[in-house]
Amino acid sequence: MNMLKITDLYAKVEGKDILKGINLTVNQGEIHAIMGPNGSGKSTLANVLVGNTNFEVTHGTVTFNGKDLLAMSADVRAKEGLFLSFQYPVEIPGVSMVNFLKTAVNEHRKYRNQPPLSAGDFLKLMREKKAMVHLDSQLTNRSVNEGFSGGEKKKNEIFQMAMLEPTLAILDETDSGLDIDALRIVSNGVNLLKTPNNATILITHYQRLLDYIVPDFVHVLYEGRIVKSAGKELALELEEKGYDWIKKELGE
Amino acid sequence: MEDQNKLLHEVTGRDYRFGFVTDIETDTIVKGLNEQVVRIISAKKDEPEWMLEFRLKSYRRWLTMKMPDWAQLKIPEINYQDIIFYAAPKEQAKYESLNEVDPELLRTFEKLGIPLEEQKMLSGVAVDAVIDSVSVKTTFKETLAERGIIFCSFSEAVKHHPDLIQQYLGMAVPYNDNYFAALNSAVFSDGSFVYIPKGTRCPMELSTYFRINAQNTGQFERTLIIADDDSYVSYLEGCTAPMRDENQLHAAVVEIIALDRAEVKYSTVQNWYPGDKNGKGGIFNFVTKRGICKGISSKILWNQVETGSAITWKYPSCILIGDNSIAEFNSVALTNNYQQADTGTKMIHIGKNTKSSIVSKGISAGHSSNSYRGLVRVAPKAENSRNYSQCDSLLLGDTCGAHTFPYIEVANSSSVIEHEATTSKIGEDQIFYCNQRGISTEDAIGMIVNGYAREVINKLPMEFAVEAQKLLQISLEGSVG
């Protein structure tokens, strides 16, 4: 069974058609990179998958581990194992990271009929995962993302991913705004979290991320459709030649 | 966007959880208000002549006054001849143990989650439980008495401490202060009296649970707190009222007097029945609360979390007379469905080097209207006085309203006044972020609202803070057990 199967997916935002017939299959243990010029629909695809209600699906189906993903609310999709590392993580003043994550982790556990973690076990888990992404210890005492630098916000996303252990993680331009050291740390984190049972979708503009996280497949998204799919060498070709040759191939 | 609003309306449109009626026989007098009724109330309480005179003076003054109409509230006409002005539980005997207390009463406390036994054993809080108008049970009295602290019902204080009552009654809230204060002064039923002697730190939080119970009963509590030189007390007031269809009038008066270097912290969690989803029923809460920082370097703090009542008209205020005195007002006011709140504070600076701070957090949901109204006045001789005000409003959905009416009057050029105000909508991106981490919209809203109000909630005593957090969540969702 495919982990994720997207069939002929159409979606619009604010009345405008953005996705125009996406087909994509992701299996356990795979890493997929989705690249494409600005405005091609990459972030829309990510948002549609995780259930952002500002995006309206007008046609098509998505199954996740055999279940109808589009029928689930956003929080249920998360608890089914879908995770999005946000491009622009939002700040939630007054809500501490610890409180936020404890609630999130225990909601996941409740969904799987597991008892909530004790305070001690939770803190232990947090320490362990913080070390994995080299997240400054003090940050978890602050409010969610409040006053975090751009790099800290992205590290914090991967830290949350480590805490929640999703089956499918979507990283939406996690590399943008990172300096080379932070990029290395974030990538290492993602690689450490990789298992034969989970999968990752990387949305990125740049080849440089793919030096650290090596994809099995690279897809080019253009005007709401996947117009080209190949192995990791496609990313290098895109880096070298840009997107114009693909547009030419498409006869534009 | 529309979906988000729909969702917000769904989760904020739930029912009140504390709706139930306790069957206790009550001793009531006939409906309506006239001089005879005032005399009957006084007689039933076996009051001295001077107390009756105070009531009559207030009643006659009230007759000449008009209901205030300046608030951002739509108040239906109140028929004072249709209200019962006195109700007391029939069993008036004083109990030695809980076994003697009407079991029905105990069950009420249990439903509210405040079993007296547990309170006594675990929390170290002395509970003066007020059901309807007369104190039924007072605990921890002996511990307090050892230190010379007086904590009793107002009626008892009139009998046993007439000198203190006569000296301080009406000092912070004169009988003719306003329409509702005059009404209260005429017909007040009971309430609490606290006196902390010189140099004494009250060893426990003092707490009173108020509850409206008998049908058609106006509730007119009267509380007086006196902190003598170099003393400290923290007082907690919390309310939950049973579900009712008719509107019920609640016009309380609270007076606080802080003498030299005394500190009084007064915390309220208010959860009167707010009416149903369609705005039917609910309590009218017209309260006059005022403290006087009478002594030098005295300090009064008002902390409040307001989630209940159909209509709230309430401005806990401070008059800073003593030089170097300090006053704080920290408030969270949440309105949902068709609730209306016009609440805030007055800080009147009279003494030199006086300091006040105001932190007001309004939260509006449903079709409610939530207003902050505050006055900061600096008298000519209040040199070097300071005020800091912060008024934030948070809107949930697009059918509610938030208003801010700050008044600033400064007559002294060496004073510094700061005012900050913000209005924000609860971010759907914040809710979605929580959703994506597996947190339901309901829980996310509770979490975000509590985060927004944290600054004020942190000022509450620990056990109250927990209760307040739950209350904010419940008031918005109605479903969490």
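Everything below is about the structure printed above this text.
Please read these numbers as outputs of a predicted model, since none were measured by experiment.

Participant: Could you give an account of the overall build of chain A, naming the residues involved and the relevant values?
Facilitator: Looking only at helices and strands, chain A has 9 helices and 12 strands in total. Taking 252 residues into account, the globule formula puts the C-alpha radius of gyration at 18 Å, and chain A, at 18 Å, falls close to it. Projected onto its principal axes, the C-alpha coordinates of chain A cover approximately 60 × 40 × 35 Å. Scored against the burial criterion, the 252 residues of chain A give a buried share of 53%. Sequence-distant contacts, at least 24 apart, represent 69% of the contacts inside chain A between residues at least 6 apart. As displayed, chain A has an accessible area near 11,100 Å², and 48% of this comes from carbon and sulfur atoms. Taking the 29 positively charged and 32 negatively charged side chains of chain A as two groups, their mean positions are separated by 4 Å.

Participant: Go over helix α6 (residues 180-193) of chain A, please, and point to the residues and values.
Facilitator: Residues and elements named next belong to chain A. Compared with the 20 Å implied by 1.5 Å per residue over 14 residues, the 20 Å span of α6 between its first and last C-alpha is a close match. Residues of α6 that are buried in the fold lie against α4 (119-132), α5 (150-164), β9 (168-172) and α7 (208-212). The residue sitting at the N-terminus of α6 and contributing the capping side-chain oxygen is Asp179; that oxygen lies 3.1 Å from the backbone nitrogen of Asp181.

Participant: An account of the packing of helix α3 (residues 49-63) of chain B against helix α9 (residues 179-187) of chain B is needed here, citing residue identities and associated values.
Facilitator: Residue and element names in this part refer to chain B. Look at α3 against α9: their axes get within 7 Å of each other, and the N-to-C directions meet at 145°. You can see that α3 and α9 cross each other, and the crossing is left-handed. The residues of α9 that touch α3, namely those facing Phe54, Arg55, Ser58, Tyr59 and Trp62, are Tyr179, Ala182, Leu183, Ser185, Ala186 and Val187. Of the residues that constitute the contact of α3 with α9, the class distribution is 8 nonpolar, 2 polar and 1 charged.

Participant: Please provide a residue-by-residue account of the interface of chain A and chain B, values included.
Facilitator: It is common to give the size of an interface as the accessible area that goes away when the parts come together. Chain A puts 33 residues into the contact, and the matching count from chain B is 21 residues. Carbon and sulfur atoms supply 61% of the area buried between chain A and chain B, which totals about 2,100 Å² over both sides. Between Arg437(B) and Glu157(A) there is a salt bridge, and its shortest N-O distance comes to 2.6 Å. For the pair chain A and chain B, the number of links is 11 residue pairs in polar contact (both at pLDDT 80 or more). Elements with a contribution of two residues or more to the side of chain A that touches chain B: α1 (42-50), α2 (74-79), β6 (82-85), β7 (92-96), α3 (97-111), β8 (143-144) and α5 of chain A. Its residues assigned to classes, the side of chain A that touches chain B shows 16 nonpolar, 12 polar and 5 charged.

Participant: Requested: an account of the sheet that holds strand β1 (residues 4-13) of chain A, with residues and values cited.
Facilitator: Within a beta sheet, neighbouring strands are joined by backbone hydrogen bonds and run either parallel or antiparallel to one another. All names here are of chain A. Taking strand neighbours across the sheet as the criterion, the 4 strands line up as β2-β1-β4-β5 in an open arrangement whose pairing is antiparallel. Edge strands, defined here as strands with exactly one partner in the open sheet, are β2 (16-26) and β5 (67-68). The sheet contact formed by β1 and strand β4 (residues 55-64) spans 8 bridges and is antiparallel. Residue pairing for β4: Ile6 is matched across the bridge by Val62. Along the sheet, α1 contacts β1, β2 and β4; its crossing angle with β1, the most-contacted strand, is approximately 110°.

Participant: So what's going on with the pairing of strand β6 (residues 192-196) of chain B? Residues and values would help.
Facilitator: Residue and element names in this part refer to chain B. Burial within β6 is extensive, with 5 of its 5 residues counted as buried. Side chains Ser192, Val194 and Ile196 project from β6 onto one buried face, and the interleaved Phe193 and Tyr195 project onto a second face that is buried too. Strand direction decides the pairing type here: strand β5 (residues 150-153) and β6, joined by 4 bridges, are antiparallel. Pairing of Phe151 across the sheet is with Val194, part of β6. Summarising the sheet, β6 and strand β8 (residues 222-227) pair through 4 bridges and their orientation is parallel. Residue pairing in the sheet places Tyr195 in a bridge with Ile226 of β8.

Participant: For the environment of Thr343(B), give the residues involved together with the corresponding values.
Facilitator: Residue and element names in this part refer to chain B. Relative to the helices and strands, Thr343 resides in strand β18 (residues 340-349). Through-space distance from the C-alpha of Thr343 to that of Asn34 is 30 Å; in sequence the pair is 309 residues apart. For Thr343, the residues in contact, after removing those within four places along its chain, are Gln304, Lys314, Tyr315, Ala333, Ser371, Tyr372 and Arg373. One polar contact links Thr343 to Gln304, side chain to side chain, over a distance of 3.4 Å. Looking at Thr343, its side chain comes within polar contact range of the main-chain oxygen of Lys314, at 2.6 Å.

Participant: How would you sum up unusual backbone geometry? Please name residues and give values.
Facilitator: If you check the backbone angles, Asn65(A) has positive phi at about 50° while not being a glycine. The residue Asn65(A) is located in the loop between β4 and β5 in this model. In this structure, Asn353(B) takes a positive phi of about 50° despite not being glycine. Along the chain, Asn353(B) falls in the loop between β18 and β19 (355-364).

Participant: Please give an account of the packing of aromatic side chains that cites residues and values.
Facilitator: Residues and elements named next belong to chain B. Counted according to the given criterion, the structure contains 19 aromatic pairs over all chains. One aromatic cluster is present, formed by Tyr59, Trp62, Trp70, Tyr80, Tyr179, Phe180, Phe284, Phe286, Trp313 and Tyr315 through successive ring pairs. Against the face of Phe188 rests Arg222, its NZ or CZ located 5.8 Å from the ring centre. Sitting over the ring of Tyr433, Arg437 keeps its end group 4.8 Å from the ring centre.

Participant: Which residues make up the pattern of salt bridges, and what values do they have?
Facilitator: Taken as a whole and assessed by the stated rule, the structure comprises 24 salt bridges over all chains. Among the salt bridges present, the one from Arg184(A) reaches Asp181(A), with a minimum N-O distance of 3.6 Å. Here Arg184(A) and its partner Asp181(A) are both found in helix α6, 3 residues apart, which amounts to about one turn of the helix. Asp181(A) gets classed as partly exposed once you look at its relative accessible area, which sits at 47%. In this structure, Lys45(B) and Asp190(B) form a salt bridge, with 3.9 Å as the shortest nitrogen-oxygen distance.

Rules behind the numbers
- Residues numbered from 1 in each chain as written.
- Chains lettered and ligands numbered in written order.
- Predicted model: local features only at pLDDT ≥ 70, side-chain atom pairs only at ≥ 80, totals over all residues.
- Heavy atoms only, no water.
- Helix = DSSP H or I, 4+ residues; strand = E, 2+ residues; numbered from the N terminus.
- Rg over C-alpha atoms; globule rule 2.2 N^0.38 Å.
- Buried < 20%, exposed > 50% of the residue type's maximum accessible area, 1.4 Å probe, protein only.
- Contact = heavy atoms within 4.5 Å.
- Areas by Shrake-Rupley, 256 points an atom, 1.4 Å probe, with all protein chains shown as cover.
- Lys, Arg positive; Asp, Glu negative; His and termini not counted.
- Charge placed at Lys NZ, Arg CZ, Asp CG, Glu CD.
- Expected span 1.5 Å × (residues − 1).
- Polar contact = N/O pair within 3.5 Å; in protein donor to acceptor, adjacent residues only side chain to side chain.
- Axes fitted to C-alpha atoms, helices over the stretch in contact; angles between N-to-C directions.
- Left-handed = near helix turned anticlockwise from the far one by under 90°.
- Nonpolar A, V, L, I, M, F, W, Y, C, P; charged D, E, K, R; others polar.
- Buried area = accessible area lost by both parts, 1.4 Å probe.
- Salt bridge = Lys/Arg side-chain N within 4 Å of Asp/Glu carboxyl O.
- Pairing = 2+ DSSP bridges.
- Phe/Tyr/Trp six-rings, centres within 6.5 Å; stacked < 30°, edge-to-face > 60°.
- Lys NZ or Arg CZ within 6 Å of the ring centre and 35° of its normal.

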